[in-house]
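Listed here are the chains, written in short residue letters.
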Amino acid sequence: MSTHDTAAPPAKEGGAAPGRPPAAPVDAEARRRARLSRRWQRDIRWSPYAFVSPFFLLFLAFGLFPLIYTGWASLHQVEMTAPTDMNWVGLRNYTRIFDDDFFWNAARNTLTIGVISTVPQLLMAMCLAHILNYRLRASTFYRVAMLAPYATSIAAASLVFVLLFGRDYGMINWALDAVGVSPVDWQNDKWPSQIAVSTIIIWRWTGYNALIYLAAMQAIPQDLYESAALDGASRWQQFFHVTLPSLRPTILFTVVVSTIGASQVFGEPLLFDANKGASGGAEHQFQTLGLYLYEQGWVNQHLGRASAIAWTMFLILIVIGIVNYVISRRLRASS
């Protein structure tokens with residue numbers, strides 16, 4: 001009996017086995033997808049650090065390193081003429097600062113100029129923000145005008161105010177003479193000079209704070225004002241009982257920022273000085289801590305002493321920050 005061969009016929013030359021797709025393209029696609037998945041995971045994990053790294057690199061180069069180097073230099077005797085020659089003196093630079101009458105004079109001037117400039121500035125900013133909070137014609141123009149002094153150069157503004165407060169030909173003395181007041185020596189007398197420097201600061205920063213208050217006022221719910229109006233409250237009563245309580249965090253913020261700015265006042269008194277020096281007047285009558293630091297470091301060339309002044313100012317700012325934190329916690333607890 002003959003048998004028949006039932007085996008499958010051989011595949012044609014150059015062909016593939018029927019019913020079995022090629023495996024190589026599938027493996028390549030799987031590897032490509034796995035590689036893209038790993039790349040995507042790395043991107044999700046590390047890209048946020050890459051985005052914020054420029055800030056930290058700049059902070060390390062221009063913030064942290066100068067801070068650490070200044071702290072190290074404050075413990076040495078260093079002169080501008082030989083900045084690499086450091087002689088260890090410990091805390092002697094700090095003790096010499098606190099025994100220096102010029103330091104305490106600069107600290108008092110910084111405090112008085114800060115008070116004279118900050119209090120009227122914030123009060124005027126609050127009043128301007130309250131006016132701009134109502135619907136006015138050309139309100140956008142007024143808001144831009146409020147920000148114009150902040151965008152003006154400190155040098156340009158200070159030079160204009162030097163002309164305004166001139167003793168012989170200044171417009172301020174001309175106006176005072178018109179009402180029968182004798183001319184005031186704004187640059188050489190103590191209190192007039194501090195008032196003049198404070199006026200420059202007030203002019204420059206009032207509009208900036210007014211826009212901050214305005215933004216906070218526009219975030220207050222209108223339901224509170226409607227409820228107060230239904231209870232018969234006038235606009236002034238609404239301002240004192242609705243607006244001010246709602247602005248307490250914003251007011252605290254502006255007070256702290258203005259206080260920090262007042263402790264670092266430098267450009268206004270430097271340019272207001274008739275001699276264009278860092279002494280703050282002939283008798284140091286409006287020399288601030290910033291000017292005192294500049295005088296010690298770049299005029300007298302005592303870098304170690306200037307570094308100690310810088311760290312003292314830094315510690316003062318830390319104290320201001322702690323006070324701000326304590327007051328903020330108490331306000332949140334009371335509310």
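Residues numbered from 1 in each chain as written. Predicted model: local features only at pLDDT ≥ 70, side-chain atom pairs only at ≥ 80, totals over all residues. Heavy atoms only, no water.

(A) Focus on helix 10 (residues 248–263). For helix 10, which comprises 16 residues, the first-to-last C-alpha distance of 23 Å matches the rise-based estimate of 22 Å (1.5 Å per residue) to within 8%. Every buried residue of helix 10 is accounted for by Thr250, Leu252, Thr254, Val256, Ser258, Ala262 and Ser263. Here the buried face of helix 10 lies against helix 3 (101–132), helix 7 (190–218) and helix 13 (303–334). (Helix = DSSP H or I, 4+ residues; strand = E, 2+ residues; numbered from the N terminus. Expected span 1.5 Å × (residues − 1). Buried < 20%, exposed > 50% of the residue type's maximum accessible area, 1.4 Å probe, protein only. Contact = heavy atoms within 4.5 Å.)

(B) Representation of unusual backbone geometry in the model. Phi is positive for His284, which is not a glycine, with a value near 55°. Relative to the helices and strands, His284 resides in the loop between helix 11 (267–272) and helix 12 (289–299). The class for His284 is buried, based on a relative accessible area of 15%.

(C) Geometry of the nonpolar core. Counting residues in each nonpolar core, the largest one holds 17 residues, and the members touching the most others are Met126, Ala129, Tyr213, Met217, Ile220, Val242 and Leu247. Going through the elements one at a time, helix 3, helix 7, helix 8 (222–230) and helix 9 (235–246) are the ones with two or more residues in this core. Each residue touching Val242, except ones within four places of it in the same chain, is listed here: Ile220, Leu224, Tyr225, Ala228 and Gln237. Phe165, Val184, Ile201 and Phe272 belong to the second largest nonpolar core, which has 13 residues in total. (Core = buried A, V, L, I, M, F, W, Y, C linked by side-chain atoms within 4.5 Å.)

(D) Spatial organisation of the pattern of salt bridges. Per the counting criterion, the structure on display carries 2 salt bridges. A salt bridge links Arg167 to Asp168, with the nearest nitrogen and oxygen atoms 3.5 Å apart. A residue is classified by how much of its surface remains accessible, and Asp168, at 56% relative accessible area, is exposed. Its salt-bridge partner being Asp185, residue Arg167 comes within 3.9 Å of it at the nearest N-O pair. Within this pair, whereas Arg167 is found in the loop between helix 5 (154–164) and helix 6 (171–178), its partner Asp185 is found in the loop between helix 6 and helix 7, the two being separated by 18 residues in sequence. Overlapping salt bridges, with partners in common, bring together Arg167, Asp168 and Asp185 in one network. (Salt bridge = Lys/Arg side-chain N within 4 Å of Asp/Glu carboxyl O.)

(E) Fine view of a nonpolar patch on the surface. A cluster of nonpolar residues, Trp46, Tyr49, Phe51, Val52, Phe55, Phe56, Leu57, Phe59, Leu60, Leu64 and Ile68, forms a patch on the protein surface that exposes about 1200 Å² of accessible area. On the secondary structure map, Phe59 appears in helix 1 (residues 24–73). Note on Phe59: relative accessible area 40%, which makes it partly exposed. (Patch = residues over 30% accessible without salt bridge, like charges linked within 9 Å, V, L, I, M, F, W, Y side chains within 5 Å. Areas by Shrake-Rupley, 256 points an atom, 1.4 Å probe, with all protein chains shown as cover.)

(F) Region of interest: the confidence of the model for the chain. Scored by pLDDT, the chain comes out at a mean of 85, with 92% of its residues at no less than 70. The low-confidence segment residues 1–8 (pLDDT under 50) makes 0 contacts with residues lying over four places distant or belonging to another chain. Throughout residues 11–17 the model reports pLDDT below 50, and contacts reaching past four residues in sequence, or to other chains, amount to 0 contacts. (pLDDT = per-residue confidence, 0-100.)

(G) Representation of the packing of aromatic side chains within the structure. Using the criterion set out here, one finds 24 aromatic pairs in the structure. Taking 5.5 Å as the distance between ring centres and 90° as the angle between the ring planes, the aromatic pair formed by Trp205 and Tyr208 counts as edge-to-face. Placement of both Trp205 and Tyr208 in helix 7 is noted, with a separation of 3 residues, approximately one turn of the helix. Given a relative accessible area of 28%, Tyr208 falls into the partly exposed group. An aromatic cluster is built from Phe161, Phe165, Trp186, Trp203, Phe272 and Phe286, whose rings are joined through pairwise contacts. (Phe/Tyr/Trp six-rings, centres within 6.5 Å; stacked < 30°, edge-to-face > 60°.)

(H) View of the environment of Tyr169. Turning to its location among the elements, Tyr169 is positioned in the loop between helix 5 and helix 6. Taking the C-alpha atoms as reference points, Tyr169 and Gly71, 98 residues apart in sequence, are found 46 Å from one another.

(I) Broad picture of the pairing of strand 2 (residues 82–88). The pairing of strand 1 (residues 76–79) with strand 2 spans 3 bridges and is antiparallel. Residue pairing across strands places Glu79 opposite Ala82, the latter belonging to strand 2. In this antiparallel pair of consecutive strands, strand 1 and strand 2, the connection spans 2 residues. (Pairing = 2+ DSSP bridges.)

(J) Layout of the side chain of Ser307. Position of Ser307 relative to the elements: it lies in helix 13. A distance of 2.8 Å separates the side chain of Ser307 from the backbone oxygen of Leu303, its partner in a polar contact. With near-sequence residues (within four places) excluded, Ser307 lies in contact with Thr70, Ala73 and Ser74. (Polar contact = N/O pair within 3.5 Å; in protein donor to acceptor, adjacent residues only side chain to side chain.)

(K) Spatial organisation of the packing of helix 4 (residues 139–151) against helix 7. Between helix 4 and helix 7, the shortest axis-to-axis distance is 6 Å and the interhelical angle comes to 140°. As summarised for this structure, helix 4 and helix 7 are arranged oblique, according to the angle between their axes. Judged by the sense of rotation from one axis to the other, the crossing of helix 4 with helix 7 is left-handed. Residue-level contacts link Arg143, Met146, Leu147, Pro149 and Tyr150 of helix 4 to Trp203, Arg204, Trp205, Gly207, Tyr208, Leu211, Leu214 and Gln218 of helix 7. Here the contact of helix 4 with helix 7 is composed, by residue class, of 9 nonpolar, 2 polar and 2 charged. (Axes fitted to C-alpha atoms, helices over the stretch in contact; angles between N-to-C directions. Parallel < 35°, antiparallel > 145°, perpendicular 65-115°, else oblique. Left-handed = near helix turned anticlockwise from the far one by under 90°. Nonpolar A, V, L, I, M, F, W, Y, C, P; charged D, E, K, R; others polar.)

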